[in-house]
Amino acid sequence: MTVTETEYAQGAGFAELYQQVQQFYAQQMQLLDSGRVEEWAATFTEDGVFAANAKPEPTVGRDTIAAVAGQVVAQYERDGIQRRHWMGMVAVDEARGEVVRARSYALVIETPRGQAPFIKASTTCEDELVRENGRWLVRHRLISRDDLAA
C-alpha cells in the first residue's frame, strides 16, 4: 500500500514521519561529509546493503560499509577535497509501520582546496528505512548515478 492510498498520509502522522525522514538524511549526510564514518555507518542496520550502479556488487553489512566508506573518506582527505552531499526532493513512497521507502535526488559536490566547487555526480537515492530502538536506519540503499546505465 503506498502512502498516498492511506489515511495516514492525509494527517499529522505523515507530516511528522516526513520530518523525521528529512532530519535523518540531514544528519546522516553531515556525518559522512565531516568524516565521521563510524557514526555514519551506524545509521545502517547490521545487515544493511549499500548498492550503486557505479559498483559491480553491493556492499553488505555495517562493518563492511564502514570500512569502504573509511577508505573513500581517507582518499579525499589525502587529496585535499571536501565532499558535500545535497539531498532533496525527498518523497516518502510507502510507509508500513516501522518500514519506510523513500526516494530522493542527491548531488555530490566536491571542493578541492583553494578551488571552486563543482558537481561530481547527480544521483537518485532509493532507501528502505526501518525503525529500530526508536531510530531510523537504512536497511537497503540503491544509489543510481544519472550518467551511468541503471
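Before going into details, it helps to say that this report is about the structure given with it. Please read these numbers as outputs of a predicted model, since none were measured by experiment. (Residues numbered from 1 in each chain as written. Predicted model: local features only at pLDDT ≥ 70, side-chain atom pairs only at ≥ 80, totals over all residues. Heavy atoms only, no water.)

Over its 18 residues, helix α3 (residues 62-79) extends 26 Å from the first C-alpha to the last, a length consistent with the 26 Å expected when each residue adds 1.5 Å. All of the buried residues along α3 are R62, I65, A66, A69, V73 and Y76. The buried residues of α3 all sit within an arc of 95° when viewed along its axis, so they share a single face. Summarising the geometry of α3, the exposed residues directed more than 90 degrees from the buried face are D63, Q71 and R78. Just downstream of α3, G80 is the residue with a positive phi angle, here 70°. (Helix = DSSP H or I, 4+ residues; strand = E, 2+ residues; numbered from the N terminus. Expected span 1.5 Å × (residues − 1). Buried < 20%, exposed > 50% of the residue type's maximum accessible area, 1.4 Å probe, protein only. Arc of directions from axis to C-beta.)

What follows covers the pattern of salt bridges. Applying the stated criterion to the full structure yields ten salt bridges. Across the pair R101 and E128 runs a salt bridge, and its minimum N-O distance is 3.1 Å. Here E128 lies in strand β5 (residues 118-132) and R101 lies in strand β4 (residues 99-112), a separation of 27 residues in the sequence. A relative accessible area of 36% means that R101 is categorised as partly exposed. Using a relative accessible area of 12% as the deciding quantity, one classes E128 as buried. In this structure, R141 engages D127 in a salt bridge whose closest nitrogen and oxygen atoms are separated by 2.8 Å. (Salt bridge = Lys/Arg side-chain N within 4 Å of Asp/Glu carboxyl O.)

Quick look at the environment of L32 now. Mapped onto the elements, L32 comes out in helix α1 (residues 12-33). With relative accessibility at 9%, the residue L32 sits in the buried group. In sequence terms L32 and A69 are 37 residues apart; their C-alpha atoms lie 8.4 Å from each other. Setting aside anything within four residues of it in sequence, one finds L32 in contact with W40, V73, R83 and H85. (Contact = heavy atoms within 4.5 Å.)

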